[in-house]
Amino acid sequence: MAMAHGSRSGGTTVAVLSGYYYQALTAGELGALPASLHRLYRRCYAQPPWSLTQEHLAGFSDRLAAHLDQPGAHGIVVTDAIELAGVIYGWPAPACQPDDPLTTAAYAAVPPDQQHRLGAPAAVVVEFMVDPDHRGRGLGRELLRQFTAQHPVAWLCTHPGSTTEALCSSAGWQQLARFTDPAGRPQLLYAWPGQDEREPAPTVTPPPPG
């Protein structure tokens, strides 16, 4: 899966840090990396705490194709001189709540006064992966920083005990909910920024009686 500098992905280089190249990719450009993304998915999710089944791991390519068909899908990859080291991708949240099972479960778990943070103009982080061999070098933190720099609000779900949970907690994301997804896996929902930054509703003083 060699990814030489001149032909890694065709995306726009947004940063070069400590020998790693960060590139912003369109859905089409992400779709040109199916083998590299599938390999990364297996390396990240076959191990604890996820420990996904072989059947689920094998189905990633079909899910990737469906993800990249979503309006506005885009992402950022990080590579070294040889291979894909990490990726983050997602899409703008629609104005109305989608009816897919995971999103429905997420909305149901979030307090009603926080549900607006899951809709537009938020970005939904659908996949966020760093190869185990490249962890501990700040790649995940930089991918999150680059992705959220493009959006005023973002949210993601992750497994309790995952490296993503630890990173979100340390990077100022706010845990909004804990729930069980339709497949029976525990999930934590994190939102960025760490506090709801909407302007508070004005205080309405009732008129004096009489």
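Up top is the structure these notes are about.
Everything quoted here is computed from the prediction, not taken from an experiment. (Residues numbered from 1 in each chain as written. Predicted model: local features only at pLDDT ≥ 70, side-chain atom pairs only at ≥ 80, totals over all residues. Heavy atoms only, no water.)

J.: What exactly am I supposed to notice about the sheet that holds strand β6 (residues 154-158) here?
T.: Sheet strands line up and pair through hydrogen bonds in the backbone, either parallel or antiparallel. Spatial ordering of the open sheet is given by β1-β2-β3-β4-β5-β6-β8-β7, a layout of eight strands whose pairing is mixed. Taken across any chain shown, the strands that pair with only one partner, and hence form the sheet edges, are β1 (12-17) and β7 (174-180). Strand after strand, the sheet turns through a mean of 20° between neighbouring axes, direction not considered. Sheet analysis places strand β2 (residues 20-26) next to strand β3 (residues 74-79), joined by six bridges and oriented antiparallel. Looking at β3, one finds that Thr26 is bridged to His74. Against the sheet, helix α2 (residues 34-45) engages β4 (84-92) and β5 (123-130), with an angle of about 80° to β5. Contacting β6, β7 and β8 (186-192), helix α5 (residues 101-109) crosses the sheet at an angle of about 120° to β7. (Pairing = 2+ DSSP bridges. Helix = DSSP H or I, 4+ residues; strand = E, 2+ residues; numbered from the N terminus. Axes fitted to C-alpha atoms, helices over the stretch in contact; angles between N-to-C directions. Contact = heavy atoms within 4.5 Å.)

J.: Could you clarify how one ought to interpret the pattern of salt bridges in this entry?
T.: A pair can form between side chains of opposite charge whenever their charged atoms are brought close. With the rule as written, the count across this model stands at six salt bridges. Note that Arg39 and Asp131 form a salt bridge whose closest N and O atoms lie 3.7 Å from each other. Of this pair, Arg39 sits in helix α2 while Asp131 is found in the loop between β5 and α6 (139-148), placing the two residues 92 residues apart along the sequence. What makes Arg39 partly exposed here is its relative accessible area of 33%. The exposure class of Asp131 is buried, given its relative accessible area of 1%. Between Glu142 and Arg145 there is a salt bridge, with the nearest N and O atoms lying 2.8 Å from each other. Of the two residues, Glu142 and Arg145 are both situated in helix α6; the distance of three residues between them amounts to about one turn of the helix. Judged by relative accessible area, Arg145 falls into the partly exposed class, the value being 47%. Connected via shared salt-bridge partners are Arg39, Arg43, Glu83, Asp131 and Asp133. (Salt bridge = Lys/Arg side-chain N within 4 Å of Asp/Glu carboxyl O. Buried < 20%, exposed > 50% of the residue type's maximum accessible area, 1.4 Å probe, protein only.)

J.: Quick question: what am I supposed to make of the environment of Gly72 here?
T.: Tracing the backbone through its elements, the reader meets Gly72 in the loop between α4 (60-68) and β3. Taking the C-alpha atoms as reference, Gly72 lies 7.8 Å from Ala27; in sequence the two are 45 residues apart. Apart from the residues within four sequence positions on either side, Gly72 is in contact with Gly90, Trp91 and Pro92.

J.: I would appreciate a short explanation of the nonpolar core in the present structure.
T.: General note: in soluble globular proteins, nonpolar side chains tend to be found buried as a group. Counting residues in hydrophobic clusters, the biggest one holds 37 residues, and the most contacted among them are Tyr45, Val87, Trp155 and Leu189. No other element matches the five residues that α2 contributes to this core. Those residues in contact with Leu189 that lie beyond four places of it in its chain are Ala106, Val110, Leu118, Trp155, Leu156, Cys157, Gln174, Gln175, Leu176, Ala177 and Phe179. (Core = buried A, V, L, I, M, F, W, Y, C linked by side-chain atoms within 4.5 Å.)

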